[in-house]
Amino acid sequence: MSQNDTQARQVGVRRTVWRSVAALIGMFAFAFALVPLYDAFCRVTGINGKVDTTAQALIHDEVDQSRMVTVQFITRNGSGLPWRMDVETRQVRLHPGQTSEVNFSFSNQSGAESWGRAVPSVSPSTATRHVRKASCFCFEEQLLQAGERVELPLVFQLARDLPPEVNTITLVYTLYPVEGRKVPLQAGVKSDEGGEA
């Protein structure tokens, strides 16, 4: 084999190696970006029960008196958070276009303060875009002191354009711990160094 053939072969091998490395980097970057892209896609389309976690304005349209929809509420505790979450009403029946308010209670059953967040999902996923939340504890993280119990409202509305085949909607709230949150010292409270904050 001539020297020219050997050099051409080495150039070809190097080119193949660099293309393989570039392909691996591209696949890694795509896999890394896939989860946030999927979450954003689900939030926009309502697929997989993903819901928007910001307040929405209630629309004061005429209520559709011709049909009733059952809205069920399920509460779950994720692992690692010593809280209990309950809902005062397990289900309500309302007309599309109607607004409803349901109270949820949260109690910290431990001897220490902790942060938690209720993460919502909606079933069936086709109803996700038709449930408008004007006020919800799920919009932000919550802090409960040791043994503290609070009641927080969920104010929501079913849109009038809710698909006619949807007769029951299930709202599921799952509690998760929020790691790394520190409670800021309030004015007048002594810090560990003995000075006032």
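See the structure shown above.
Residue numbering note: each chain is counted from 1, following its sequence as written. Local features in this predicted model are restricted to residues of pLDDT 70 or higher, and side-chain atom pairs are both shown and tallied only at a pLDDT of 80 or more, whereas totals for entire chains, interfaces and linings draw on every residue. As a convention, hydrogens and water are excluded, and side-chain values are obtained from all of the structure's heavy atoms.

Some thoughts on the sheet that holds strand β4 (residues 99–108)
In step 1: For two strands to pair, DSSP has to find at least two bridges joining them. In DSSP terms, a helix is any run of H or I states spanning at least four residues, a strand is any run of E spanning at least two, and both are numbered starting from the N terminus. Pairing is antiparallel in the open sheet, where 4 strands are placed in the order β2-β4-β8-β6. Of all strands in the sheet, those with a lone pairing partner are β2 (83–87) and β6 (131–135), marking the two edges. Between one strand axis and the next, the sheet turns by 30° as a mean value, whatever way the strands run.
In step 2: Sheet topology note: the β4/strand β8 (residues 149–158) ladder contains 9 bridges and is antiparallel. Residue pairing in the sheet places F104 in a bridge with L152 of β8. A fitted line through C-alpha atoms represents every axis, and for helices the fit uses only the stretch in contact; the resulting angles, taken between N-to-C directions, go from 0 to 180 degrees.

A look at the pattern of salt bridges
Side chains carrying opposite charge are able to pair once their charged atoms draw close together.
In step 1: Criterion for a salt bridge: a side-chain nitrogen of Lys or Arg within 4 Å of a carboxyl oxygen of Asp or Glu. With the rule as written, the count across this model stands at 2 salt bridges.
In step 2: Put simply, R84 and D86 hold a salt bridge, and the shortest N to O gap is 2.9 Å.
In step 3: Here's how the labels work: a residue is buried when its accessible area is under 20% of the maximum for its type, exposed when over 50%, partly exposed in between, all with a 1.4 Å probe on protein chains only. By relative accessible area, which is 43% here, R84 ends up partly exposed.
In step 4: The salt bridge involving E151 is made with R149; its shortest N-O contact spans 3.6 Å.
In step 5: Judged by its relative accessible area of 47%, E151 falls in the partly exposed class.
In step 6: On the accessibility criterion, R149 (52% relative accessible area) is exposed.

Focus on the pairing of β2
In step 1: Burial along β2 is one-sided: W83, M85 and V87 are buried, and none of R84 and D86, which face the opposite way, are.
In step 2: When β2 meets β4, the two strands line up antiparallel, connected through 5 bridges. In the strand pairing of β4, V87 is matched with F104.

Observations regarding the nonpolar core
In step 1: Residues F73, F104, F156, I169 and Y173 are the most contacted members of the largest nonpolar core, which totals 30 residues.
In step 2: Every element with two or more residues in this core is listed here: β1 (69–77), β2, β3 (91–94), β4, β5 (114–123), β8 and β9 (168–177).
In step 3: With 4 residues, the top contributor of residues to this core is β9.
In step 4: A contact between two residues is defined here by any heavy atoms of the two lying within 4.5 Å. Look past the residues within four positions of F156 in its chain and what remains in contact with it is V71, F73, V92, L94, Q98, T99, S100, V102, V131, R132 and K133. Nonpolar cores were defined as sets of buried Ala, Val, Leu, Ile, Met, Phe, Trp, Tyr and Cys residues, with membership established by side-chain atoms within 4.5 Å.

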